Amino acid sequence: MHFPQKPNLAKATDQSIHFPPILAEAAMLDSNGVFTRMGTTAQGLSAGEAARRLRETGSNVVAESGHHGWFWRLATAMGNPLVILLIVLSAVSFATGDPRAGSVMAVMVILGVLLRFVQETRADSAAEQLKAMINVTATVLRDGRALETPLSQLVPGDVVNLSAGDMIPADVRLIAAKDLFVSQGTLTGESLPVEKFGHAEPQSGLSPLELKGICFLGTSVESGAATAVILATGARTYFGSMAGSIASEVAPTNFDRGVKQFTWLMIRFMMVMVPLVLLINGLTKHNWHEAFLFSIAVAVGMTPEMLPMIISVCLSKGALAMSRKKVIVKRLSAIQNFGAMDVLCTDKTGTLTMDQVILQRHCDVMRQENSEVFRDAYLIAHFQTGLKNLLDRAILDHPDANDKIISGFSKVDEIPFDFARRMMSVVVRKPDGEHQLLTKGAPEAVFPRCEFFDLNGRISPMDPARAAELIHHYQELSAEGFRVLAVAHKHLEAGEFISKDDECGLTLKGYVAFLDPPKDSAAGALAALRDHGVTVKVLTGDNDLVTRKVCREVGLNAGAILLGGMVESMSDAELAQAVETTHIFARLSPAHKQRIILALQHNGHVVGFMGDGINDAPALHVADVSISVDSAVDIAKAAASMILLEKDLMVLDDGVIEGRKVFVNILKYVRMGASSSFGNMFSMLGASMFLPFVPMAPIQVLTNNLLYDFSQVPIPTDTVDPDQTSAPRPWHIGDIRRFVLFIGPISSIFDYTTFFVMLYVFGCWDPARAPLFQTGWFVESLITQTLIVHVIRTDRIPFFQGCASWQLTVTTAVIIGIAAWLPFSPFAPVLGFTALPPLYWPILLVTLFCYIFLTQAMKMWLIRKAWL
C-alpha cells in the first residue's frame, strides 16, 4: 500500500508551458543590472509609473476562477449532454412534421438553460463579492515607501519585500536574501525547501527552476527574508503558462463523479428504452411515424434535463447561506464534500484555544522569575525581521516591555527561524560594545546546542545529570499548559561572520512560558461536531504535553498521542491502522500532516483539514475539504477551498450542516427523477404491448414532462429535516440504485390500476376513446409524480412531521390544479385531451392515497434496513 502523491506540475508537456526568457537573463545580472534592465530603482517604481505599467501588462492574475463572461456561462449551460440531447430531439421533431412537440422541447431547453444561466450569473456575482473579503497582499516599495498592495496590482519592475509565510507574488529576481528558504514543491515535486540567494549566477545551462536567484509565482517563503524585483506577472509567468493545464487537473469530487455516473446511466437507460418503445409500438400499431414521435417524447420524458439547473442553484444557494454563517466558499464543488466530511483534522492553536497568547512567566533554569531572561527574549523578538508569530507578539506586548530594554543595544545580524531548526537567533552589540548571539526556540531543539547554563550569574557546565534535571523543570511548565521556549546566549567576537553552524556551544539562560487558554466555545463545538458524525483529530507541531492538557480541558479524548518521530518510522500500512484509533498527533512536520490525511483518505474517510500556517499548505493541498481563515498566511488561503471569517469550530459546524442541506436537496431531485423514469419504463412498455393505440400522445408526454419539471424548480429552496443533516452525507450510487429498484415500480403499480380503470370502467378499449384513456393517465401520472416528491423529500411522515418549503408547496398545488384544469380548458383540443367523467375523480383520490401510503411504507422499510 502506498499513498498517492500530488501530480508534479513540472512534468507537464504542453507546448504552451515555457519559462520567460527574462528569467535566465536577469539571473546573470548584478543588482544594478537588474534595476536597469527592469527600469526601476532600489526605492521601487513611482505610483504613476506603476499605474502605466499596470495598464500595459494587465492585472497580475493567472487564471480567474469563478468569474466568467456571459457567453461562457451560456455556452456551459447549453453544453450539458442532457441539453444537447433535447436540442437534437427538438430538431428531429420539427424535421419530421411535429412542430407542437418540437416547440414544447424548445421551451424546455429555454427554461432549463435560462434558469441555470440566471442562477449562475447571480452566484458568480455573489462569489466575487465574497472573495473580495479575502485580502492577499504583498509588501511593495513605491516611491521609497513600503505599501501593502493587492497581488493583482503588481507590475514588472516592482520591488517587493519577502518574509516567512509570503507567497512569491510573481516571477522575481532576488536582490538581497538572508537565510531564504523557498518551498517550490508545487512546481518541482520537491518535499524540502531550497535555499535561494541574491547574487548573480554565471550562465551554466541549468534549468530556470534550479537558478538560486530566481523565485517563481506559486511558490512560498518557508523561512528567511529577501528583497526582490518582479520580472514577469500574471499569464507571462512560468506558473501562468501552466494555468490551463493546472486548472484542468482539479480532481472531481465524489459527488461530481456520482452526478456524472447518474447522468450517463439515465442516457444509456434511455438508449435501450427508446428503441424498444419504437419497435413495440411500430409492430403492434403499424403506424411507424406515430411510434417514432412517441419514442422521441419518451426519450425526453426520461431525460433529467433540470439536473444541471438544480445542482447549480443548490450549490449557489448553499454558498450564500454559508457566507451568512461566516464561511466563504472559494470553489462551489467543495460544498458537498463539506457535508460528506466525517473526519476533521485541525490545529490546536486558535481553534481549540483563544489564539490570544500571553507571556505568563520568564524564569531562569530553576523556574525563578528573572528579568534578564525577559530582556534577552525581548531583544530577539524586537530585532528579528521575519514573520512575527503569536509568541513574538506576546513578548512585545508584555506589560514590562518598553524602549528602555533595547537602549544601548543594536542589531548586528540574525539567523531567521525555520521549521527544521525550530529556533531563531539575533546578534546584538551590547552597550559595552561586545557582540552576543541570542537564541530563542523549542527547548528540545535548543538543549542539544547548549554546553553551559546560567544561574544567578554563575556559568556552569551542563553535564548529563544536570541536563536531565533542567529538562524536568521545563517539562513541568509544559505539563501545566504552558508553551515553553528556551532562551540561550553566546559571546561572539566583533566582525565575526555567523551562520546556523554558530548556534552551538550556547549557554542556557532560562525560559519564557506562554499561555493560550482554551476557548469557551471549544467544548460545545466539539460536542456538536461529534453529534453530527464528524470526528475531530488534532494535528499540531506543538508540544505533546501542552496538547494533551488543552485537549482534556475541551473534552477531546487524549488517549495515546502519536508523535512526529513515530509517524516518520511507520510504514503506510502501519500509519493507516494507527490513524483510526489516535485522535491527537503532536510534534508534526508539514510532511507528517500530509501523510496522516492521505492515510485517512485511504481508509475511506472524507477528510477536512483546517490550517492557517505556512506548514499547513501541504496538508491543505491533499485534503478533501481544505479550510483556512481570513487571517491566515497567503499560501494557506490560496490552498484552501473554503475560508472562515472566524476561527471557530462552531462556525465550521454550521457550515457542515449547510453543506449537507445542499446535498439532500440535490438528492431529492435525483431520486425522484430516477425512480419516476424507472417506473415509467414498465408502464410505457407494458401499455405499448397490449393497447391498440399509444398510451399517451407525444405532445401529452412532453407537456407532462414540462409541467413536472416546473414543479421541481423550487427544490433548492426546500427545508431539510434535522435528522437528514445529523450524519455525513457522501454520494453512494448504490443507495440511489436501491431506491430506484424499490420505489420506482410502485408508480407502475398505480399506472396499471389506472389503465384497468380507464379500460374496464370507462370502456377505453375502443381506439375511438383513446383520448379519454390518454387524458386519464396524463392527469394521474402528473399528479402522482408531483405529489410524491413530498413523500420522498423527508424521512418522516409527509405533511405532518416534515413540511416542504412554501415555494415547493405552492408549485405543487399549482401544477396539480393545472393537471385537473387542462382536460376542461381551451387548450384541451390542441393537446388531445377530453373531459373526464365525474367518477374518475374519486377513483383518482383513492389511487393517490394508496400510492402515498405504499410509497411511505416502502421508504420506512428501506430506512429501517439502513439502505437509505
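Residues numbered from 1 in each chain as written. Predicted model: local features only at pLDDT ≥ 70, side-chain atom pairs only at ≥ 80, totals over all residues. Heavy atoms only, no water.

Lay out the pairing of strand 13 (residues 435-441) in plain terms, naming residues and giving numbers.
In terms of burial, strand 13 is largely enclosed, as seven of its seven residues are buried. Side chains His435, Leu437, Thr439 and Gly441 of strand 13 all project onto a buried face; the interleaved residues Gln436, Leu438 and Lys440 project onto the opposite face, where all are buried too. Bridge analysis of strand 12 (residues 423-429) against strand 13 gives seven bridges, and the strand direction is antiparallel. Looking across to strand 13, one finds that Val427 is bridged to Leu437. In sequence, strand 12 turns back onto strand 13 through a hairpin of five residues, with Gly433 there showing a positive phi of about 95 degrees. Inspection of the sheet shows strand 13 paired to strand 16 (residues 483-492) by seven bridges, in the antiparallel sense. Counted as the bridge partner of Leu438 is His489 from strand 16. (Buried < 20%, exposed > 50% of the residue type's maximum accessible area, 1.4 Å probe, protein only. Helix = DSSP H or I, 4+ residues; strand = E, 2+ residues; numbered from the N terminus. Pairing = 2+ DSSP bridges.)

Can you lay out the packing of helix 11 (residues 288-301) against helix 26 (residues 698-712) for me, pointing to particular residues and giving the numbers?
Helix 26 packs onto helix 11 with a crossing angle of 10 degrees between their chain directions and a minimal axis gap of 8 Å. In terms of their interaxial angle, helix 11 and helix 26 are classed as roughly parallel. On helix 26, the residues that touch Leu293, Phe294, Ala297, Val298, Val300 and Gly301 of helix 11 are Pro698, Val701, Leu702 and Asn705. Residues of the contact of helix 11 with helix 26, tallied by class, amount to eight nonpolar, two polar and no charged. (Axes fitted to C-alpha atoms, helices over the stretch in contact; angles between N-to-C directions. Parallel < 35°, antiparallel > 145°, perpendicular 65-115°, else oblique. Contact = heavy atoms within 4.5 Å. Nonpolar A, V, L, I, M, F, W, Y, C, P; charged D, E, K, R; others polar.)

Let's hear about the side chain of Arg361: which residues, and what values?
Within the secondary structure, Arg361 is located in strand 10 (residues 358-364). Exposure remark for Arg361: the relative accessible area of 18% places this residue in the buried category. There is a polar contact of 2.7 Å between the side chain of Arg361 and the backbone oxygen of Arg367. At 3.2 Å, the side chain of Arg361 forms a polar contact with the side chain of Glu369. (Polar contact = N/O pair within 3.5 Å; in protein donor to acceptor, adjacent residues only side chain to side chain.)

So what's going on with helix 27 (residues 733-761)? Residues and values would help.
Here helix 27 is 29 residues long and its end C-alpha atoms lie 41 Å apart, about the 42 Å a rise of 1.5 Å per residue gives. Its maximal kink placed at Val740, helix 27 deviates by approximately 30 degrees. Following helix 27 by one or two positions, Gly763 adopts a phi angle in the positive range, close to 60 degrees. (Expected span 1.5 Å × (residues − 1). Bend = angle between axes of the 7 residues up to and from the residue.)

Any details on the pairing of strand 3 (residues 159-163)? Residues and values, ideally.
Among the five residues of strand 3, four are classified as buried, and the element is accordingly described as predominantly covered. Across three bridges, strand 1 (residues 137-142) lies against strand 3 in antiparallel orientation. The partner of Thr139 across the bridge, within strand 3, is Asn161. Where strand 3 lies against strand 7 (residues 220-232), five bridges are found, and the strand directions are antiparallel.

Can you break down the nonpolar core residue by residue, with the values?
Phe338, Leu344, Met642 and Leu649 are the most contacted members of the largest nonpolar core, which has 137 residues in total. Sorting elements by how many residues they give to this core places helix 25 (residues 649-690) first, with 17 residues. Each residue touching Phe338, except ones within four places of it in the same chain, is listed here: Met322, Val327, Val625, Ile627, Met642, Leu652, Gly655 and Val656. By size, the runner-up hydrophobic cluster in this structure holds 27 residues, among which are Val365, Ala486, Leu492 and Leu508. (Core = buried A, V, L, I, M, F, W, Y, C linked by side-chain atoms within 4.5 Å.)

Give a description of a negative patch on the surface that names residues and reports values.
Together, Asp432, Glu434, Glu493 and Glu496 make up a negatively charged patch on the protein surface. As for its position among the elements, Glu493 is in the loop between strand 16 and strand 17 (506-515). (Patch = residues over 30% accessible without salt bridge, like charges linked within 9 Å, V, L, I, M, F, W, Y side chains within 5 Å. Areas by Shrake-Rupley, 256 points an atom, 1.4 Å probe, with all protein chains shown as cover. Salt bridge = Lys/Arg side-chain N within 4 Å of Asp/Glu carboxyl O. Lys, Arg positive; Asp, Glu negative; His and termini not counted. Charge placed at Lys NZ, Arg CZ, Asp CG, Glu CD.)

Can you explain the environment of Val229? Please cite residues and give values.
Along the chain, Val229 turns up in strand 7. Those residues in contact with Val229, other than ones at most four positions away along the chain, are Val34, Phe35, Met38, Thr40, Gly157, Asp158, Val159, Asp171, Val172, Arg173 and Ile175.

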